[in-house]
Amino acid sequence: MKLKMKEIITFFKKIKNDYPVMIFFTISNFINALLLRILTTGSFSIRAFLFDMGFVLLLGSLSMLVKKKNRNIYYIVVSFIMVACCIINSIYYNYYNSFVSISLLATSVFVKDVGDAVVDFALKASDWIYLWEFIGLYIVIKKNKNKEKIDKNKFLKTFILSLIIVGIGCVMPPYNSFSRLIKLWNRVSVVNSFGVYIYQIDDIVQSLKPTFNNIFGHDKALKEVSEYYEENRTVQSVNDYTGIFEGKNVIVIHAESLQTFTLGLSFNDEEVTPNLNKLANSGMYFSNFYAQVGVGTSSDSEFTYATSLLPANSGTVFVNYYNNKFVTMQNMLNDKGYYVFSMHGNVGDFWNRDTMHINMGYDKFYSKSSFVIDEEYGLGLSDKSFFRQAVPMIKDIKNNITGPFYGTLITLTNHTPWRDASLYSDYDVSMTVDIDGEEVVRDYLEGTSLGNYIKSVNYMDQAIGQFITDMDEEGLLDDTVIVIYGDHDARLGQKQFEYMYNYDPINDRELQSWEPGYVEFNDYDYELIKKVPFIIWTKDMQEGKEIDTPMGMIDVGATLGNMLGVYNKYGLGKDIMNIDKSEGIIVFKDGSYITDKIYYSAKNSEAYAISPGIISEDYIKKNSEYADKIISVSYNLITYDLIRDLE
Ligand code: GP9
Ligand code: MN
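Keep in mind that this is a model prediction, so the values were computed, not measured. (Residues numbered from 1 in each chain as written. Chains lettered and ligands numbered in written order. Predicted model: local features only at pLDDT ≥ 70, side-chain atom pairs only at ≥ 80, totals over all residues. Heavy atoms only, no water.)

K.L.:
What is the right way to read the layout of surface pockets from this model?
P.N.:
Over the atoms a probe the size of a water molecule is rolled, and this reveals where empty space is left. Counted as a void, the second largest pocket has a volume near 770 Å³. Lining the second largest pocket are 36 residues; nearest its centre among them are Asn232, Thr234, Tyr567, Lys569 and Gly571. Of all elements in the fold, only helix 11 (218-231), helix 13 (297-307), helix 15 (329-335), helix 22 (556-564) and helix 23 (617-639) reach the threshold of two or more residues within the lining of the second largest pocket. Residue classes in the lining of the second largest pocket are distributed as 16 nonpolar, 14 polar and six charged. (1 Å grid on protein atoms, 1.4 Å probe; cavity = no way out; pocket = protein on both sides within 12 Å on 5 of 7 lines; lining within 4 Å. Points joined across faces, edges and corners; volume = space filled by probe spheres on them. Helix = DSSP H or I, 4+ residues; strand = E, 2+ residues; numbered from the N terminus. Nonpolar A, V, L, I, M, F, W, Y, C, P; charged D, E, K, R; others polar.)

Have a look at this one:
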């Protein structure tokens, strides 16, 4: 035993002397992987530590087989790839709170288009920290010119050592992490368990899988999906709401980044959203509603609303699966004789809408080229101008058709980063406080992203209010249902909310966690505040109805569909008017979910109580299985284009 230990020490000493560049290469790439995890997810898991270490050592051992004259090239090229992997993931994480996927490369084109937002929120100095490795590599290579040799024996020993380290990582908890490695629904937990390098290789394999699967896995997916629909056969619900809007015109307002918390806010006795509040108070207001988007954000919301399926995990449906067959609210209404159209002030190929909207059943998509660009803020045409121009266009449509119309109006101005907010909104987010009998005005949210966002939401509210008035004046509201949904959260940072809730106006600063009056706003509160509004309103509604059953975008098809008299047999949502509060569940793409009792985080395998009561293991197991099933059926239907087979 003593001899063995001595042998190992001599082995490492020799490696250190004979392979100094390889040692630096291994250690520096390992440090970078560790830094990435600490600076993004904040995780310091021993398991990922071992995987990173094993993996970089494996690459280091392979260098021992490379010819002496090519070896430095090997170190530089491999380091370049690994450093690029860290930098790209770091930038991507700031924006998406997730890690990059090659299947999403097509999607990143749109990240470029929302470039301003990315620069404001995403690029940080810490994204470039990984470059230190090249400076070190340059110095070490220069100092140790041609020192390293080819040694098959040392290669083998180092290689085996790297496998042993990975092996130890494999037997460490969490034990469900291997299924996550295959499903890749939760990229953050995969990086936290396996490290960034193994994640990235896994991602490449998984991203290429659908291509191979289409050849190989199709039948298995079809079988699983057919069995699911056999066992969970649904029928159109029959309740007090069935067909109440049958044959009526519908205008759907896709409200960019509109979060529910703004509906309850007032500053200096002025509501942020007086018009939306009126609609919510007199219409049907679904106050516990969440969007269920992935990286396809706006387009994912449109997709889930229309199909009652969760968006794809690999890629974005609008970009990667736009040719596949889907049953949508739009094509069902189209079949019933509706004229179905969409309007948006941005270019038509953004999110590939001009192709996908036609596939979804829209007769016509009126994009930027259909509007006069007379006022621009943020990403393009201002919402007020957009709505102003939309009214005569809708009137024109109405005059030229015989049946009803269904139109989706996609807003734009409230998109991050709201840098122009004070140009288009004079809403005041300051605070006035009485100090020793004197009124003092504090900036409070003035000049912050959250403050600009609130100003911008107030602008959107005015634009919607004016639109409703104009529609009414043109007689377009008499037979029309107005539907409004927030398309996803606004990507505000958690710290912004902490500041808002803990501002101390007397001392003009943020309260610290140990001070009296401090309001905790933890990671889960941050997830829960991503709630978005969903409102169904008609002019003749007198008394409002608030529905607080947990509801996701996936449930719109069954709920609103029932009111409009259409039914999608592939839809995976529930008619919210038909179920008890305890049956509502919002499944997110990474396997997390919200019920009336808990927010369950798949990333942390942890339940956060929303209401008092004891939560059993069984409750979590049952709901987690349901969540996995919904994700899996959606994924299979989308990626294998199964509706084409099932129809
Ligand atoms: C642009 C808009 C923004 O046309 O819909 O998309 P998002 O960045 O919110 O997904
Ligand atoms: Mn959006």
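K.L.:
Help me understand the pattern of salt bridges in this model?
P.N.:
Opposite charge on two side chains makes pairing possible when the charged atoms of those side chains draw close. A full pass over the atoms with the stated rule returns 19 salt bridges. Residues glutamate 230 and arginine 233 are paired through a salt bridge, measuring 2.6 Å at the closest nitrogen-oxygen approach. Given a relative accessible area of 52%, glutamate 230 falls into the exposed group. Among the salt bridges present, the one from lysine 455 reaches glutamate 446, with a minimum N-O distance of 3.1 Å. A relative accessible area of 5% places lysine 455 in the buried class. (Salt bridge = Lys/Arg side-chain N within 4 Å of Asp/Glu carboxyl O. Buried < 20%, exposed > 50% of the residue type's maximum accessible area, 1.4 Å probe, protein only.)

K.L.:
Help me out: how do you make sense of the coordination of the manganese ion (ligand 2) in this one?
P.N.:
For a metal with four donors in a tetrahedral arrangement, the ideal angle between donors is 109.5 degrees, while six donors in an octahedron ideally sit at 90 or 180 degrees. Summarising the metal site, the manganese ion (ligand 2) is bound by the protein donors Glu256 (OE), Glu256 (OE), Ser298 (OG), Asp487 (OD) and His488 (NE2), whose distances to it range over 2.0 to 2.6 Å. For the manganese ion (ligand 2), the six donor atoms in the first shell make angles of 53 to 170° at the metal, a pattern classed as irregular. (Donors = N, O, S within 2.8 Å, 3.2 Å for Na, K, Ca; no water. Tetrahedral: all angles 85-135°; square planar, octahedral: opposite > 155°, others 65-115°.)

K.L.:
In this structure, what is going on with empty space enclosed by the protein? I would like to understand it.
P.N.:
Within this structure, the stated rule accounts for five cavities of 30 Å³ or more. Its boundaries defined by the atoms lining it, the second largest cavity holds a volume of some 110 Å³. Surrounding the second largest cavity, Val21, Lys68, Arg71, Asn72, Ile141, Asn144, Lys145, Asn146, Lys147 and Glu148 form its lining. Looking at which element gives the most residues to the lining of the second largest cavity, the answer is helix 4 (residues 68-96), with three residues. Among the residues making up the lining of the second largest cavity, the classes are represented as two nonpolar, three polar and five charged.

K.L.:
Sorry if this is basic, but what is going on with the packing of helix 2 (residues 20-40) against helix 4 here?
P.N.:
The geometry of a pair of packed helices is captured by two quantities: the angle between their axes and the separation between those axes. Across the interface, helix 2 lies against helix 4 with an axial gap of 10 Å and an inter-helix angle of 5°. Overall, the two elements helix 2 and helix 4 adopt an arrangement that is roughly parallel. Here helix 2 contributes Val21, Met22, Phe25, Asn29, Asn32, Ala33, Leu36 and Thr40 to the contact with helix 4, which in turn contributes Tyr74, Tyr75, Val78, Ser79, Met82, Val83, Cys86, Asn89, Ser90 and Tyr93. Among the residues forming the contact of helix 2 with helix 4, the class breakdown is twelve nonpolar, six polar and no charged. (Axes fitted to C-alpha atoms, helices over the stretch in contact; angles between N-to-C directions. Parallel < 35°, antiparallel > 145°, perpendicular 65-115°, else oblique. Contact = heavy atoms within 4.5 Å.)

K.L.:
What am I meant to see in helix 17 (residues 383-400) here?
P.N.:
Each α-helix turn comprises 3.6 residues. Residues three or four places apart therefore point the same way. Over its 18 residues, helix 17 runs 25 Å from end to end, which matches the ideal 26 Å to within 8%, given 1.5 Å per residue. Residues of helix 17 that are buried include every one of Asp383, Ser385, Phe386, Phe387, Gln389, Ala390, Val391, Met393, Ile394 and Ile397, and no others. Where the residues of helix 17 are buried, they touch strand 1 (249-255), strand 6 (339-344), strand 7 (364-366), strand 9 (380-381), strand 10 (405-410) and helix 19 (449-473). (Expected span 1.5 Å × (residues − 1).)

K.L.:
Sorry if this is basic, but what is going on with the nonpolar core here?
P.N.:
Counting 72 residues, the largest nonpolar core has Met284 and Tyr305 as its most contacted members. The element contributing the most residues to this core is helix 23, with seven residues. Excluding residues within four positions of it along the chain, methionine 284 makes contact with Tyr241, Ile244, Phe245, Phe534, Ile535, Ile536, Met541, Lys545, Ile547, Met563 and Met577. (Core = buried A, V, L, I, M, F, W, Y, C linked by side-chain atoms within 4.5 Å.)

K.L.:
Just checking my understanding: could you explain the site of ligand 1 for this structure?
P.N.:
Around ligand 1 sit twelve residues in total, of which Thr297, Ser298, His344, Arg353 and His415 are the nearest. Measuring from an oxygen atom of ligand 1, one finds a side-chain N or O atom of serine 298 at 2.8 Å. Contact distances for ligand 1 include 2.9 Å between an oxygen atom and a side-chain N or O atom of asparagine 346. With the chains in place, 98% of the 310 Å² that ligand 1 exposes on its own is no longer accessible. (Near = heavy atom within 4 Å. Polar contact = N/O pair within 3.5 Å; in protein donor to acceptor, adjacent residues only side chain to side chain. Areas by Shrake-Rupley, 256 points an atom, 1.4 Å probe, with all protein chains shown as cover.)

K.L.:
Quick question: what am I supposed to make of the sheet that holds strand 21 (residues 598-601) here?
P.N.:
Pairing between the strands of a sheet is mediated by backbone hydrogen bonds and can be parallel or antiparallel. What the four strands build is an open sheet, ordered 19-20-21-22; its pairing is antiparallel. Edge strands, defined here as strands with exactly one partner in the open sheet, are strand 19 (586-587) and strand 22 (606-609). (Pairing = 2+ DSSP bridges.)

K.L.:
I would appreciate a short explanation of the pairing of strand 1 in the present structure.
P.N.:
Moving residue by residue along a regular strand, the side chains alternate between the two faces of the sheet. Across the seven residues that make up strand 1, a large majority, seven, are buried. Of the two faces of strand 1, the one holding Asn249, Ile251, Ile253 and Ala255 and the one holding Val250, Val252 and His254 are both buried throughout. Note that strand 1 and strand 13 (residues 480-486) share seven bridges and pair parallel. By the bridge assignment for strand 13, histidine 254 is matched with tyrosine 485. Across five bridges, strand 1 lies against strand 10 in parallel orientation. In the sheet register, valine 252 faces strand 10, and the bridge partner there is threonine 408.

K.L.:
I would appreciate a short explanation of the packing of helix 11 against helix 23 in the present structure.
P.N.:
Interhelical geometry of helix 11 versus helix 23 gives an angle of 125° and a closest axis separation of 10 Å. One way to sum up the angle between helix 11 and helix 23 is to call them oblique. Crossing geometry of helix 11 relative to helix 23 is assigned as left-handed. Residue-level inspection shows Ala221, Glu224, Val225, Tyr228 and Tyr229 of helix 11 in contact with helix 23, the latter providing Lys629, Ile630, Ser632, Val633, Asn636 and Leu637. (Left-handed = near helix turned anticlockwise from the far one by under 90°.)

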